[in-house]
Amino acid sequence: MIREEIQNMLFAEQDKPYAAFTAKLIHTIDPQTVIGVRIPTLRSMAKALLKRDDLEAFLSDLPHQFFEENQLHVLLLSLQKDFERLLLELDGFLPYIDNWATCDILAPKIIAKHLPDFLPYIQKCLSSEHEYTVRFGVGMLMSHYLGDAFDLQYPKWVASIHSDAYYVNMMIAWYFATALAKQYEEIVPFIEQKRLSPWTHNKAIQKAIESRRISSETKSYLRLFKR
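Okay, so let's go over this structure.

What counts, and at which threshold
Residues numbered from 1 in each chain as written. Predicted model: local features only at pLDDT ≥ 70, side-chain atom pairs only at ≥ 80, totals over all residues. Heavy atoms only, no water. Core = buried A, V, L, I, M, F, W, Y, C linked by side-chain atoms within 4.5 Å. Buried < 20%, exposed > 50% of the residue type's maximum accessible area, 1.4 Å probe, protein only. Helix = DSSP H or I, 4+ residues; strand = E, 2+ residues; numbered from the N terminus. Contact = heavy atoms within 4.5 Å. Phe/Tyr/Trp six-rings, centres within 6.5 Å; stacked < 30°, edge-to-face > 60°. Salt bridge = Lys/Arg side-chain N within 4 Å of Asp/Glu carboxyl O.

### Topic: the nonpolar core
By size, the foremost hydrophobic cluster in this structure holds 75 residues, and its most contacted members are L72, L90, F118, F136, L141, Y175 and F176. At ten residues, helix α11 (residues 166-182) tops the list of elements feeding residues into this core. Not counting residues up to four positions away in its chain, the partners in contact with L141 are L119, I122, L126, L146, Y154, W157, V158 and Y175. Judged by nonpolar contacts, the second largest core, of seven residues, contains A19, I29, F67 and A101.

Spelled out as C-alpha coordinates, the structure:
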(Lines give C-alpha, C1' and ligand atoms only; values in the text may rest on other atoms or scores of the structure.)
Protein backbone atom coordinates (compact mmCIF):
# COMPACT_ATOMS: atom_id res chain seq x y z
CA MET A 1 0.00 0.00 0.00
CA ILE A 2 1.18 3.53 -0.75
CA ARG A 3 0.75 4.55 2.90
CA GLU A 4 3.21 1.90 4.03
CA GLU A 5 5.63 2.86 1.24
CA ILE A 6 5.50 6.50 2.25
CA GLN A 7 6.06 5.69 5.90
CA ASN A 8 9.06 3.54 4.97
CA MET A 9 10.44 6.43 2.87
CA LEU A 10 10.04 8.80 5.78
CA PHE A 11 11.72 6.54 8.31
CA ALA A 12 14.58 6.01 5.88
CA GLU A 13 15.25 9.77 6.16
CA GLN A 14 14.76 9.95 9.92
CA ASP A 15 16.89 12.38 11.92
CA LYS A 16 16.11 11.74 15.60
CA PRO A 17 17.74 14.92 16.99
CA TYR A 18 15.75 16.93 14.44
CA ALA A 19 12.59 15.08 15.52
CA ALA A 20 13.20 16.09 19.13
CA PHE A 21 13.84 19.69 18.05
CA THR A 22 10.64 19.80 15.97
CA ALA A 23 8.50 18.29 18.73
CA LYS A 24 9.64 21.02 21.15
CA LEU A 25 8.51 23.71 18.71
CA ILE A 26 5.04 22.28 18.18
CA HIS A 27 3.10 21.89 21.41
CA THR A 28 -0.19 20.63 20.00
CA ILE A 29 0.99 17.27 18.65
CA ASP A 30 2.17 14.01 20.20
CA PRO A 31 6.00 13.98 20.03
CA GLN A 32 5.80 10.27 19.20
CA THR A 33 4.22 11.15 15.86
CA VAL A 34 7.26 13.16 14.73
CA ILE A 35 9.67 11.09 12.64
CA GLY A 36 12.22 13.83 12.04
CA VAL A 37 12.45 14.54 8.30
CA ARG A 38 13.70 17.91 7.09
CA ILE A 39 11.58 20.12 4.84
CA PRO A 40 13.85 20.02 1.73
CA THR A 41 13.65 16.22 1.82
CA LEU A 42 9.88 16.32 2.18
CA ARG A 43 9.62 18.70 -0.78
CA SER A 44 11.64 16.30 -2.94
CA MET A 45 9.42 13.43 -1.85
CA ALA A 46 6.28 15.40 -2.69
CA LYS A 47 7.50 16.11 -6.22
CA ALA A 48 8.32 12.44 -6.74
CA LEU A 49 4.94 11.31 -5.36
CA LEU A 50 3.08 13.50 -7.86
CA LYS A 51 3.98 10.93 -10.52
CA ARG A 52 2.21 8.12 -8.66
CA ASP A 53 -1.05 6.83 -10.10
CA ASP A 54 -2.15 5.71 -6.65
CA LEU A 55 -1.51 9.03 -4.90
CA GLU A 56 -5.21 9.57 -4.24
CA ALA A 57 -5.16 6.53 -1.95
CA PHE A 58 -2.72 8.37 0.31
CA LEU A 59 -4.54 11.71 0.17
CA SER A 60 -7.85 10.10 1.11
CA ASP A 61 -6.41 7.89 3.86
CA LEU A 62 -7.20 10.22 6.76
CA PRO A 63 -6.27 10.89 9.44
CA HIS A 64 -2.59 10.29 8.84
CA GLN A 65 -0.52 8.67 11.56
CA PHE A 66 2.62 10.81 11.48
CA PHE A 67 3.36 14.52 11.48
CA GLU A 68 5.49 14.18 8.34
CA GLU A 69 2.63 12.51 6.49
CA ASN A 70 0.60 15.66 7.13
CA GLN A 71 3.52 17.76 5.96
CA LEU A 72 3.74 15.72 2.78
CA HIS A 73 0.00 16.09 2.27
CA VAL A 74 0.08 19.89 2.38
CA LEU A 75 3.18 20.02 0.17
CA LEU A 76 1.28 17.93 -2.37
CA LEU A 77 -1.72 20.27 -2.14
CA SER A 78 0.65 23.19 -2.66
CA LEU A 79 1.67 21.64 -5.99
CA GLN A 80 -1.91 21.06 -7.18
CA LYS A 81 -2.40 22.67 -10.60
CA ASP A 82 -6.18 22.33 -10.85
CA PHE A 83 -7.87 25.13 -8.90
CA GLU A 84 -11.28 23.48 -8.51
CA ARG A 85 -9.63 20.23 -7.47
CA LEU A 86 -7.56 22.15 -4.93
CA LEU A 87 -10.69 23.54 -3.26
CA LEU A 88 -12.12 20.05 -2.88
CA GLU A 89 -8.85 18.74 -1.46
CA LEU A 90 -8.64 21.65 0.98
CA ASP A 91 -12.15 20.87 2.19
CA GLY A 92 -11.06 17.31 2.81
CA PHE A 93 -7.82 18.03 4.64
CA LEU A 94 -8.05 21.34 6.50
CA PRO A 95 -10.11 19.86 9.37
CA TYR A 96 -7.26 17.43 10.08
CA ILE A 97 -4.57 20.09 10.51
CA ASP A 98 -3.63 20.20 14.19
CA ASN A 99 -0.59 22.46 14.37
CA TRP A 100 0.81 25.76 13.12
CA ALA A 101 3.70 24.19 11.17
CA THR A 102 1.48 22.10 8.93
CA CYS A 103 -0.93 25.01 8.50
CA ASP A 104 1.74 27.52 7.54
CA ILE A 105 3.56 25.34 5.02
CA LEU A 106 0.32 24.97 3.05
CA ALA A 107 0.89 27.44 0.22
CA PRO A 108 -0.85 26.41 -3.02
CA LYS A 109 0.86 28.15 -5.93
CA ILE A 110 -2.22 28.00 -8.16
CA ILE A 111 -4.03 30.51 -5.92
CA ALA A 112 -1.97 33.37 -7.37
CA LYS A 113 -3.72 32.81 -10.71
CA HIS A 114 -7.22 32.76 -9.17
CA LEU A 115 -7.21 35.55 -6.58
CA PRO A 116 -10.78 36.82 -7.14
CA ASP A 117 -12.15 33.29 -7.30
CA PHE A 118 -10.42 32.28 -4.07
CA LEU A 119 -11.94 35.04 -1.94
CA PRO A 120 -15.24 33.21 -1.21
CA TYR A 121 -13.22 30.23 0.01
CA ILE A 122 -11.19 32.49 2.28
CA GLN A 123 -14.39 33.91 3.74
CA LYS A 124 -15.57 30.38 4.43
CA CYS A 125 -12.30 29.64 6.21
CA LEU A 126 -12.54 32.77 8.34
CA SER A 127 -15.98 31.74 9.60
CA SER A 128 -14.87 28.19 10.46
CA GLU A 129 -14.91 26.87 14.02
CA HIS A 130 -11.66 25.02 13.35
CA GLU A 131 -8.63 26.95 14.63
CA TYR A 132 -6.21 26.10 11.85
CA THR A 133 -8.74 26.59 9.07
CA VAL A 134 -9.18 30.17 10.26
CA ARG A 135 -5.41 30.57 10.55
CA PHE A 136 -5.03 29.31 6.97
CA GLY A 137 -7.58 31.83 5.69
CA VAL A 138 -5.84 34.76 7.39
CA GLY A 139 -2.49 33.49 6.14
CA MET A 140 -3.76 33.43 2.58
CA LEU A 141 -4.96 37.04 2.88
CA MET A 142 -1.53 37.98 4.17
CA SER A 143 0.33 36.11 1.43
CA HIS A 144 -1.73 37.09 -1.59
CA TYR A 145 -3.86 40.16 -0.86
CA LEU A 146 -1.57 42.82 0.62
CA GLY A 147 -0.10 43.91 -2.71
CA ASP A 148 -1.85 44.85 -5.92
CA ALA A 149 -4.87 42.74 -4.95
CA PHE A 150 -5.37 44.63 -1.67
CA ASP A 151 -8.79 45.92 -0.71
CA LEU A 152 -9.75 47.58 2.59
CA GLN A 153 -12.50 45.02 3.13
CA TYR A 154 -9.90 42.28 3.71
CA PRO A 155 -8.37 43.69 6.91
CA LYS A 156 -11.93 44.40 8.04
CA TRP A 157 -12.64 40.68 7.66
CA VAL A 158 -9.61 39.84 9.75
CA ALA A 159 -10.36 42.43 12.43
CA SER A 160 -13.88 41.05 12.80
CA ILE A 161 -12.61 37.60 13.83
CA HIS A 162 -13.27 36.96 17.52
CA SER A 163 -11.41 33.94 18.80
CA ASP A 164 -9.84 32.65 21.99
CA ALA A 165 -7.51 30.40 19.98
CA TYR A 166 -3.87 31.39 20.41
CA TYR A 167 -2.78 30.37 16.91
CA VAL A 168 -5.62 32.32 15.32
CA ASN A 169 -4.82 35.49 17.25
CA MET A 170 -1.12 35.13 16.57
CA MET A 171 -1.83 34.95 12.83
CA ILE A 172 -4.11 37.99 13.05
CA ALA A 173 -1.29 39.91 14.73
CA TRP A 174 1.15 38.72 12.08
CA TYR A 175 -1.29 39.79 9.36
CA PHE A 176 -1.63 43.34 10.71
CA ALA A 177 2.10 43.71 11.31
CA THR A 178 2.75 42.70 7.70
CA ALA A 179 -0.08 44.91 6.48
CA LEU A 180 1.44 47.88 8.31
CA ALA A 181 4.60 47.34 6.28
CA LYS A 182 2.77 47.02 2.97
CA GLN A 183 -0.37 49.17 3.28
CA TYR A 184 0.44 51.52 6.13
CA GLU A 185 -2.00 54.37 5.43
CA GLU A 186 -4.92 51.98 5.10
CA ILE A 187 -3.97 49.81 8.08
CA VAL A 188 -2.73 52.19 10.78
CA PRO A 189 -6.30 53.33 11.64
CA PHE A 190 -6.98 49.78 12.87
CA ILE A 191 -4.23 50.35 15.45
CA GLU A 192 -5.13 53.96 16.21
CA GLN A 193 -8.79 53.04 16.73
CA LYS A 194 -7.91 49.90 18.73
CA ARG A 195 -10.06 47.64 16.59
CA LEU A 196 -8.31 44.44 17.66
CA SER A 197 -8.50 42.64 20.98
CA PRO A 198 -5.92 43.96 23.49
CA TRP A 199 -3.58 40.95 23.25
CA THR A 200 -3.70 40.83 19.45
CA HIS A 201 -3.36 44.60 19.21
CA ASN A 202 -0.19 44.59 21.32
CA LYS A 203 1.24 41.58 19.54
CA ALA A 204 0.69 43.24 16.14
CA ILE A 205 2.56 46.33 17.37
CA GLN A 206 5.34 44.16 18.75
CA LYS A 207 5.76 42.30 15.45
CA ALA A 208 5.68 45.57 13.50
CA ILE A 209 8.37 47.04 15.74
CA GLU A 210 10.49 43.93 15.14
CA SER A 211 10.11 44.28 11.37
CA ARG A 212 12.96 45.61 9.24
CA ARG A 213 10.43 46.85 6.70
CA ILE A 214 9.07 49.56 9.02
CA SER A 215 10.93 52.80 9.68
CA SER A 216 12.20 53.81 13.11
CA GLU A 217 9.90 56.83 13.05
CA THR A 218 6.87 54.67 12.38
CA LYS A 219 7.88 52.24 15.12
CA SER A 220 8.07 55.10 17.61
CA TYR A 221 4.58 56.19 16.59
CA LEU A 222 3.17 52.66 16.93
CA ARG A 223 4.61 52.35 20.45
CA LEU A 224 2.27 55.15 21.53
CA PHE A 225 -0.69 52.83 21.02
CA LYS A 226 0.36 49.94 23.22
CA ARG A 227 -2.47 48.88 25.52
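From this point, the narrative continues.
### Focus on the packing of aromatic side chains
According to the stated counting rule, one finds twelve aromatic pairs in the structure shown. Between Y132 and Y167, the aromatic rings sit 6.0 Å apart at their centres with planes inclined by 35 degrees, giving tilted as the arrangement. Taken together, the residues span a long stretch of sequence, with Y132 in helix α9 (residues 131-144) and Y167 in helix α11 at a distance of 35 residues. Look at Y132 and you get buried, because its relative accessible area is 5%. Relative to W157, the ring of Y154 has its centre 5.1 Å away and its plane inclined at 55 degrees; by these criteria the two rings are tilted. On the criterion of helical spacing, the pair formed by Y154 and W157 is a turn pair, its members being three residues apart in helix α10 (residues 153-159). By the burial criterion, Y154 is buried, and W157 matches it. Ring-pair connections join several aromatic residues into one group, and the members of that group are Y132, Y166, Y167 and W199.

### Focus on the environment of L94
Of note, L94 is situated in the loop between α6 (83-93) and α7 (100-105). Of the residues examined, L94 reaches a relative accessible area of 3% and is grouped as buried. Separated by 26 residues in the primary sequence, L94 and E68 have C-alpha atoms spaced 15 Å apart.

### Considerations on the pattern of salt bridges
This structure, assessed with the given rule, holds nine salt bridges. Between R3 and D61 there is a salt bridge, with its nearest N and O atoms 3.1 Å apart. Placement of R3 in helix α1 (residues 2-12) and of D61 in the loop between α4 (55-59) and α5 (67-78) is noted, with a sequence separation of 58 residues between them. Here R85 and E89 are joined by a salt bridge, their closest N and O atoms 3.1 Å apart. Placement of both R85 and E89 in helix α6 is noted, with a separation of four residues, approximately one turn of the helix. Judged by its relative accessible area of 13%, E89 is buried. Through salt bridges with shared partners, one network takes in R3, D61 and E69.

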